[in-house]
Amino acid sequence: MANPSEDTKVFQFSYSAPAKVILAGEHSVVYDRHSLATAINLTTTCKITVHKLSPSNMTPSSARDERRLHIRLLDDDLSVDLALNQLFSFLPKDMSDRSLYESTIEAIAELCSDQVMTLGVMQLLIIPTTLEKQIPNWSSCPEFWEEYRFDVEISSLVPRGSGLGSSASLGAAISACWTRVLLEMDAVVSGNPAKFDHIVNDTGSWNQVINHFAFEFESLIHGNPSGVDNTVVTYGGCILFNKKTRDFQVYGITHDIVLVLINSRVPKNTKKMVQGVAEFHQQFPILSTQIFDAIDTIVLDFSQLVQHEGNSERMGSIMRINHNFLNSIGVSHPKLEEIIRIGDRHDVKSKLTGGGGGGYAVAILSKKKYEEKLYGDYLAQIKAADCEYLIAECDELGIRENSLS
């Protein structure tokens, strides 16, 4: 019987990724217009500790059985201990065929008690196969796996299913941490500790790698994501995104505002909302095109405010106009409309954020007024309406390594 306490910690990495809020451009982005989103200071963190197995835990007959992957979801107090050789046996031979992933996910799900854990394990399996050209030792060198075990811990401040990018935040954090571990292990096995410094220490190259993997994770969950969520949580700041070209511009954030994220407590159904907009577009193609164009103008104007002004009142006003258009295409909800009206009565402008039909609304407040506690009545009314709220700030950082000293 293996005794993990005898194993030696070799190295440990921890990475965090922020959540996101769509400020403007929901739904119209699906029709090749722009969207504007910002990273916010709610994060998901992934920490991976690599242990070298002690000789007593690494007999020739048991080495393949003892290379373990131990995953803990700290927020849910869930954990699972898995054999890596069994997990890799689930992978399809043709990793380029995504239609084959479903059976792999089903096999992993039988071993895990949670969807987040299942998808996290799937991502841990996909990354080394994708990096095979960069880290050939992972499949060709037995020492790469058989001498080690891996402890993965995941925690998050991002509400699940909220439209705030919880899956993108999770995907980016796991991807960054596991990629760093794999690169480090390959460098150790190859005897060249500085082998991947040019990737890890180059922010542009590193973000590009992580953004790709985070998008792949989003694809596992959502099928055909726009790419905006993973881009925002990877790069941070405020991002103007174009789905058609996948081009984006990163803007610095304004520190003069705070965001109120208001949970309507109505479950959202993004797929239903997207289908509803598609039906509206099919029934009224000219009108819907004009609405999407108007929202695109709002997004571009909003991006100018972010770059040059940071005026909370003007930002709020343009958000409110955006909400009116979203309501006109049928993606609001009576509870969201109640939240918007509460804001109007207190001169706080807000809008739904994300897919709509429930979920969250977002309001922009003056940071100075918030610190002077001038929004007390407004926030009290939000609570009285049986809604929950979070206060968040824009986050200039995207994916970031955490100090473990």
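Going by the structure above, here's the rest.
Residues numbered from 1 in each chain as written. Predicted model: local features only at pLDDT ≥ 70, side-chain atom pairs only at ≥ 80, totals over all residues. Heavy atoms only, no water.

Draft legend 1. How the structure looks around the pattern of salt bridges. Inspection of every chain in the model, using the stated rule, returns 18 salt bridges. The residue E153 makes a salt bridge to K47 at a minimum N-O spacing of 3.6 Å. A residue pair is termed long-range when its members are at least 10 positions apart, and E153 in strand β5 (residues 148–156) and K47 in strand β2 (residues 34–52) qualify at 106 residues. Its relative accessible area of 24% is what places K47 among the partly exposed residues. Residues joined by salt bridges that share partners form a network here, namely K47, R72 and E153. (Salt bridge = Lys/Arg side-chain N within 4 Å of Asp/Glu carboxyl O. Helix = DSSP H or I, 4+ residues; strand = E, 2+ residues; numbered from the N terminus. Buried < 20%, exposed > 50% of the residue type's maximum accessible area, 1.4 Å probe, protein only.)

Draft legend 2. Inspection of the nonpolar core at higher detail. Grouped together as the largest cluster of nonpolar side chains are 58 residues, with contacts concentrated most on F150, V181 and W206. The element that contributes the greatest number of residues to this core is helix α7 (residues 166–190), accounting for 13 residues. Residues within four places of W206 in sequence aside, it is in contact with Y15, A176, T179, R180, L183, I199, V200 and I399. Core analysis: the second largest hydrophobic core is formed by 56 residues, Y251, V260, L326 and C394 among them. (Core = buried A, V, L, I, M, F, W, Y, C linked by side-chain atoms within 4.5 Å. Contact = heavy atoms within 4.5 Å.)

Draft legend 3. Inspection of the packing of α7 against helix α10 (residues 228–235) at higher detail. Packing of α7 against α10 leaves a shortest axis separation of 9 Å and a crossing angle of 55 degrees. Compared by their axis directions, α7 and α10 come out oblique. For the pair α7 and α10, the sense of crossing is right-handed. Together, A168, S169 and A172 of α7 and D229, N230, V233 and T234 of α10 make up the contact between the two elements. The residue inventory of the contact of α7 with α10, partitioned by class, reads three nonpolar, three polar and one charged. (Axes fitted to C-alpha atoms, helices over the stretch in contact; angles between N-to-C directions. Parallel < 35°, antiparallel > 145°, perpendicular 65-115°, else oblique. Left-handed = near helix turned anticlockwise from the far one by under 90°. Nonpolar A, V, L, I, M, F, W, Y, C, P; charged D, E, K, R; others polar.)

Draft legend 4. Representation of the packing of helix α13 (residues 312–328) against helix α14 (residues 334–345) within the structure. Where α13 contacts α14, the axes come no closer than 12 Å and their chain directions differ by 155 degrees. The angle between α13 and α14 places the two elements in the roughly antiparallel class. Between α13 and α14 lies a crossing whose hand is left-handed. From α13, R320, H323 and N327 reach across to α14, where they touch E337, I340 and D344.

Draft legend 5. How the structure looks around empty space enclosed by the protein. Counted by the stated rule, this structure contains one cavity of 30 Å³ or more. The calculated volume of the largest cavity comes to roughly 60 Å³. Taken together, L23, T38, C238, I253, T254, I257, V306, M315 and C394 make up the lining of the largest cavity. Here the residues of the lining of the largest cavity are counted per class, giving seven nonpolar, two polar and no charged. (1 Å grid on protein atoms, 1.4 Å probe; cavity = no way out; pocket = protein on both sides within 12 Å on 5 of 7 lines; lining within 4 Å. Points joined across faces, edges and corners; volume = space filled by probe spheres on them.)

Draft legend 6. How the structure looks around the layout of surface pockets. Quantified by volume, the largest pocket comes out at close to 1300 Å³. Along the walls of the largest pocket sit 46 residues, with S167, E218, H222, D229 and K268 positioned nearest its centre. Of all the elements in the fold, those that place two or more residues in the lining of the largest pocket are β1 (8–24), β2, α4 (115–130), β5, α7, α9 (203–222), α10 and α11 (270–283). Of the residues that constitute the lining of the largest pocket, the class distribution is 15 nonpolar, 21 polar and ten charged. Estimates place the volume of the second largest pocket at around 290 Å³. Lining the second largest pocket are 16 residues, with H346, D347, V348, K369 and Y375 sitting closest to its centre. A total of four residues in the lining of the second largest pocket trace back to one element, the largest contributor, which is α13.

Draft legend 7. Region of interest: the sheet that holds strand β8 (residues 257–263). Read across the open sheet, the four strands follow the order β9-β10-β8-β11; overall the sheet is antiparallel. Only two strands of the sheet have a single neighbouring strand rather than two, namely β9 (350–353) and β11 (388–392). For this sheet the average axis-to-axis angle between neighbouring strands, irrespective of direction, equals 30 degrees. The pairing of β9 with strand β10 (residues 360–366) spans four bridges and is classified as antiparallel. If you follow K351 over to β10, its bridge partner there is V362. (Pairing = 2+ DSSP bridges.)

Draft legend 8. A look at the environment of T130. By the element assignment, T130 lies in helix α4. A sequence separation of 131 residues divides T130 from L261, and the C-alpha atoms of the two residues are 36 Å apart. Excluding anything up to four places from it in sequence, T130 contacts H212 and F213.

Draft legend 9. A look at the pairing of β8. Counting buried residues in β8 gives seven out of seven residues, a clear majority hidden from the surface. Across the two faces of β8 the burial is the same, with I257, L259, L261 and N263 and V258, V260 and I262 all buried. For β8 and β11, the ladder comprises five bridges, and the chain directions are antiparallel. When the sheet's bridge partners are listed, V260 is paired in β11 with I391.

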